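# Descriptive analysis of the structure
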Amino acid sequence: MRTDGSTTLEPLRRGLPPTDPAAITASASLTLPARYEAVGSARHFTRTTLCQWQLESRFDDVALVVSELVTNALRHALPSDVARDPNIPSVRLQLARCATRLVCAVRDPSRESPMAGEAEDSAESGRGLFLVESFSDSWGWHPAQAPGAPGPSRTPQGKVVWAAFLLTGTDEVADHPR
């Protein structure tokens, strides 16, 4: 787990609802392997992180959204017939706590925009982004820039799909036990 907020949060600052970087109070990230078992690791990481931030009451909704975002990245952004550069993480989960919101973001190597599909009633999949939209307060995506490349001339290196959860007064009370 990485919790330094400076370089890892930079992609999250672009494309999100307006967030003052100074408002980010905590962050954590996890690189996930290109295996479906990684969804369980992402849920465990989310539980551990939310407990550390005293936001465990938000776990159910956040974990559902994290599961959907990671599953979508694994299913749609990592084609099995394309060789991947082992130096570039396949999928990276980032959690960021701000003064008024919690942001979950998943970075993947695909440049394709996420698209909500029309799932048939009997389909077992195809509702992921509908669930993300239903359980989060907002969501979106933006191209990810190559790490370490300077300024706006950087070439897009995949995308970041994010979901934000507003933190309520109840969350703030839970953060400061008596």
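Conventions we followed
- Residues numbered from 1 in each chain as written.
- Predicted model: local features only at pLDDT ≥ 70, side-chain atom pairs only at ≥ 80, totals over all residues.
- Heavy atoms only, no water.
- Phe/Tyr/Trp six-rings, centres within 6.5 Å; stacked < 30°, edge-to-face > 60°.
- Lys NZ or Arg CZ within 6 Å of the ring centre and 35° of its normal.
- pLDDT = per-residue confidence, 0-100.
- Helix = DSSP H or I, 4+ residues; strand = E, 2+ residues; numbered from the N terminus.
- Contact = heavy atoms within 4.5 Å.
- Buried < 20%, exposed > 50% of the residue type's maximum accessible area, 1.4 Å probe, protein only.
- Arc of directions from axis to C-beta.
- Core = buried A, V, L, I, M, F, W, Y, C linked by side-chain atoms within 4.5 Å.
- Axes fitted to C-alpha atoms, helices over the stretch in contact; angles between N-to-C directions.
- Parallel < 35°, antiparallel > 145°, perpendicular 65-115°, else oblique.
- Left-handed = near helix turned anticlockwise from the far one by under 90°.
- Nonpolar A, V, L, I, M, F, W, Y, C, P; charged D, E, K, R; others polar.
- Pairing = 2+ DSSP bridges.

Scanning the model with the defined rule gives zero aromatic pairs in all. Positioned above the aromatic ring of F59, the side-chain terminus of R47 is 3.8 Å from the ring centre.

This next bit is on the confidence of the model for the protein. Residues at a pLDDT of 70 or more form 62% of the protein, whose mean pLDDT is 76. Averaged pLDDT values over the elements of the protein bottom out at 46 in helix 1 (residues 6-13) and peak at 96 in helix 2 (residues 38-52). When the criterion is pLDDT under 50, residues 173-178 qualifies, and its contacts beyond four places in sequence or with other chains add up to seven contacts.

Next up on the list: helix 4 (residues 128-135). G128, L129 and V132 are the residues of helix 4 that are buried. Along the axis of helix 4, the buried residues cluster in a sector spanning 95°; they form a single face. Opposite the buried face of helix 4, by more than 90 degrees, sit the exposed residues F130 and E133.

Let's shift gears to the nonpolar core. Counting residues in hydrophobic clusters, the biggest one holds 30 residues, and the most contacted among them are L32, V66, V70 and L93. Contributing elements (two or more residues each) for this core: strand 1 (24-32), helix 2, helix 3 (59-76), strand 2 (91-98), strand 3 (101-108) and strand 5 (156-166). Among the elements that make up this core, the one with the highest residue count is helix 3 (nine residues). For L32, the residues in contact, after removing those within four places along its chain, are A38, S41, A42, V70, S90, V91 and L93. Formed by seven residues, the second largest nonpolar core is a distinct cluster that contains A96, A105, A144 and V160.

Below, the discussion takes up the packing of helix 3 against helix 4. Helix 4 packs onto helix 3 with a crossing angle of 150° between their chain directions and a minimal axis gap of 9 Å. One finds that helix 3 runs roughly antiparallel with respect to helix 4. Where helix 3 crosses over helix 4, the two elements pack in a sense that is left-handed. Between helix 3 and helix 4, the residues in contact are D61, L64, V65, E68, L69 and N72 and G128, L129, L131, V132 and F135, respectively. Of the residues contributing to the contact of helix 3 with helix 4, the split by class is seven nonpolar, two polar and two charged.

Taking burial as the measure, the eight residues of strand 2 include eight buried ones, the bulk of the element. The side-chain alternation of strand 2 yields two buried faces, one formed by V91, L93, L95 and R97 and the other by R92, Q94, A96 and C98. For strand 1 and strand 2, the ladder comprises eight bridges, and the chain directions are antiparallel. If you follow L32 over to strand 2, its bridge partner there is V91. As defined by bridge partners, strand 2 adjoins strand 3 across six bridges and the pair is classed as antiparallel. In the strand pairing of strand 3, L95 is matched with C104. Following strand 2, the chain reverses through two residues before pairing antiparallel with strand 3.

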